[in-house]
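What follows is the residue order along each chain.
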Amino acid sequence: LGVSRPLLMKTIYEFHRNVLLGTAGSNIVGIAGFLLMASAITGMVVSWPRSAGGWAKLLRINWRANITRVLFDTHRSIGAVFVVLLLLATLTGSTLVYLNYVRDIVNVFSPVKSFPVVPFHTGPKSESAEFSRIIDTVRSTYPQQTIVEVHMPFRQTAGYLFYMKQPGDERRLGDTIAWVDPVTTQILVERSDRTRSGGETLMHWFYPLHSGTAFGSGGMVAMCLTGLTPILLVFTGLWVWLRKRPG
């Protein structure tokens, strides 16, 4: 991690994921997400129009009023426009933080396979197949896919993890992942649109929905703007609260 050009985006991503504090930071982000979601829900309930004519007023900003009134109207209007996306972002974001717990819950209703474990090999490490053979196996098995990223085995009982992509995939790294045995080059587990259970499909959509990639460039722009709304809501809400507090 760092602030140099090659590392900047990675650092920003890790800060967004766990504020650079590891597991403790992830809990902070997850709890903050739930609190923001609760704030959005209560704000929606408070602002919900009591009559049909109230919908137009909900989005109106009286620019001729004093600064507190303008900021109050701005706060209400921004919340009304972005509340659905804000709820989607906070729900999926908090879900990604506590993915293991969510997986256990989803598994009750639809099976979600755990990561595969490679049988322990007692022979020397040199028994592992050449990496070129593993690549050839993956390419021949998935001729329509482009290999985007490969994760090397981090222990003897783990396999190679391949991320593969084809046109139309929602995820940046592709919608197909496969684990490969480092010795036999056998495909251990595949997760793709043709093999996923209903539960695995649900979990597969969390990240594309959170990042907006599920809806293409327009979705990413919308989620980017949604990420800016809490800053505006906090500023305008705090201003109005401080002004009304003496009363």
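Please refer to the structure placed before this passage.
Definitions and cut-offs
Per-chain numbering applies: the sequence of each chain, read as written, is numbered from 1 onward. Side-chain atom pairs in this predicted model are given and counted only at pLDDT of 80 or more, local residue features only at pLDDT of at least 70, and totals for whole chains, interfaces and linings cover all residues. Side-chain numbers here rest on the full set of heavy atoms in the structure, without hydrogens or water. Put simply, DSSP H or I for four residues or longer makes a helix, DSSP E for two residues or longer makes a strand, and each gets a number counted from the N terminus. Our radius of gyration looks at C-alpha atoms and nothing else; its globule reference is 2.2 Å times the residue count to the power 0.38. Relative accessibility under 20% of the residue-type maximum defines a buried residue, over 50% an exposed one, and the middle range a partly exposed one, all with a 1.4 Å probe and only protein chains included. With residues, only the protein chains shown are counted as cover, and all accessible areas are computed by Shrake-Rupley using a 1.4 Å probe. Charge counting follows a simple rule: Lys and Arg are positive, Asp and Glu are negative, and His as well as the terminal groups are ignored. Where a charge sits is defined by one atom per residue type, namely NZ (Lys), CZ (Arg), CG (Asp) or CD (Glu). Aromatic contacts are taken between Phe, Tyr and Trp rings whose centres are within 6.5 Å, Trp giving its six-membered ring; a plane angle under 30 degrees counts as stacked, one over 60 as edge-to-face, and the others as tilted. A ring is scored as having a charge over it whenever the NZ atom of a lysine or the CZ atom of an arginine sits within 6 Å of its centre and within 35 degrees of its normal. When DSSP finds two or more bridges between two strands, those strands count as paired. Fitted lines through C-alpha atoms give the axes, limited to the stretch in contact for helices. The angle between two N-to-C directions lies from 0 to 180 degrees. Working definition of a nonpolar core: buried Ala, Val, Leu, Ile, Met, Phe, Trp, Tyr and Cys residues. They are joined through side-chain atoms within 4.5 Å. In this analysis, two residues are considered to be in contact whenever any of their non-hydrogen atoms come within 4.5 Å of each other. Whenever a carboxyl oxygen of Asp or Glu lies within 4 Å of a side-chain nitrogen of Lys or Arg, that contact is scored as a salt bridge.

Engineer: How would you summarise the overall build of the protein if you had to cite specific residues and measurements?
Structural biologist: Along its length, the protein carries 8 helices and 4 strands. Along the protein, helices (α) and strands (β) appear in the sequence α-α-α-α-α-α-β-β-β-β-α-α when read from the amino end. For a compact globule of 247 residues, the expected C-alpha radius of gyration is about 18 Å, and the protein comes in at 24 Å, more than 25% above that figure. Considering only C-alpha atoms, the protein reaches an extent of 75 × 40 × 35 Å along its principal axes. Taking all 247 residues of the protein together, 36% fall into the buried category. Element-wise, carbon and sulfur atoms account for 65% of the exposed surface of the protein, whose accessible area totals about 15800 Å². Looking at charge distribution, the protein has the averaged site of its 24 positive side-chain charges lying 18 Å from that of its 14 negative ones.

Engineer: Provide a residue-level description of the packing of aromatic side chains, including the pertinent values.
Structural biologist: Here a ring pair, both rings aromatic, is described through the centre-centre distance and the interplanar angle of the planes. All chains considered together, the criterion is met by 4 aromatic pairs. Centroid distance Phe34 to Tyr98: 6.3 Å. Interplanar angle 15 degrees. Geometry classified as stacked. Taken together, the residues span a long stretch of sequence, with Phe34 in helix α2 (residues 22–47) and Tyr98 in the loop between α4 (67–97) and α5 (99–109) at a distance of 64 residues. A residue is classified by how much of its surface remains accessible, and Tyr98, at 18% relative accessible area, is buried. Ring centres of Phe131 and Tyr160 lie 5.5 Å apart, and the angle between their planes is 45 degrees; this geometry places the pair in the tilted category. Of this pair, Phe131 sits in helix α6 (residues 131–141) while Tyr160 sits in strand β2 (residues 160–165); the two residues are 29 residues apart in sequence, bridging distant segments of the chain. Lying across the ring of Phe72, Lys244 places its NZ or CZ 5.0 Å from the centre.

Engineer: Which residues make up the sheet that holds strand β3 (residues 176–180), and what values do they have?
Structural biologist: Reading across the sheet, the 4 strands line up as β1-β2-β3-β4 and stay open at both edges, with antiparallel pairing between neighbours. Only two strands of the sheet have a single partner each, and these edge strands are β1 (146–151) and β4 (187–191). Averaged over all adjacent pairs, the angle separating strand axes in this sheet is 20 degrees, with direction ignored. Where β3 and β4 come together, 4 bridges link them in antiparallel fashion.

Engineer: Before we move on, can you summarise the nonpolar core with the specific residues and values?
Structural biologist: The nonpolar side chains of a soluble globular protein tend to be buried, and buried together. Residues Ala129, Ile134, Ile135, Val138, Tyr142, Tyr160, Phe162, Met164, Ala178 and Val180 constitute the largest nonpolar core, which totals 10 residues. Those elements that provide at least two residues to this core are α6, β2 and β3. Ignoring anything within four residues of it in the chain, the contact list for Met164 reads Val138, Tyr142, Gln145, Thr146, Ile147, Val148, Asp169, Leu173, Gly174, Asp175, Thr176 and Ala178.

Engineer: Account for the environment of Gly174, with residues named and values stated.
Structural biologist: Locating Gly174 in the fold gives a position in the loop between β2 and β3. Residue Gly174 is classed as buried on the basis of its relative accessible area, which comes to 2%. Along the primary structure Gly174 and Met164 are separated by 10 residues, whereas in three dimensions their C-alpha atoms are 5.1 Å apart. Once residues within four sequence positions are removed from consideration, Gly174 is found in contact with Met164, Lys165 and Asp169.

Engineer: A description of the pattern of salt bridges should follow, citing residues and the corresponding values.
Structural biologist: Applying the stated criterion across every chain yields a total of 7 salt bridges. A salt bridge links Lys10 to Glu14; its shortest N-O distance comes to 3.3 Å. Highlighted residues: Lys10 and Glu14, both in helix α1 (residues 5–18), separated by 4 residues, approximately one helical turn. When its relative accessible area of 10% is taken as the criterion, Glu14 is described as buried. The shortest N-O distance in the salt bridge between Arg69 and Asp73 comes to 3.3 Å. Of this pair, Arg69 and Asp73 both sit in helix α4, 4 residues apart, roughly one helical turn. For Asp73, a relative accessible area of 2% translates into the label buried.

Engineer: Account for the pairing of β3, naming residues and giving values.
Structural biologist: Within β3, 5 of the 5 residues are buried, which leaves the element mostly enclosed by the surrounding structure. The two faces of β3 match: Thr176, Ala178 and Val180 on one face and Ile177 and Trp179 on the other face are all buried. Two strands pair when backbone bridges link them, and β2 and β3 are joined in this way by 5 bridges, in the antiparallel orientation. When the sheet's bridge partners are listed, Tyr163 is paired in β3 with Ile177. Taking the residues that link successive antiparallel strands as the turn, the β3-β4 hairpin has 6 residues, and the phi of Thr185 there is positive, at about 65 degrees.

Keep in mind that these numbers describe shape and distance, not what the molecule does.
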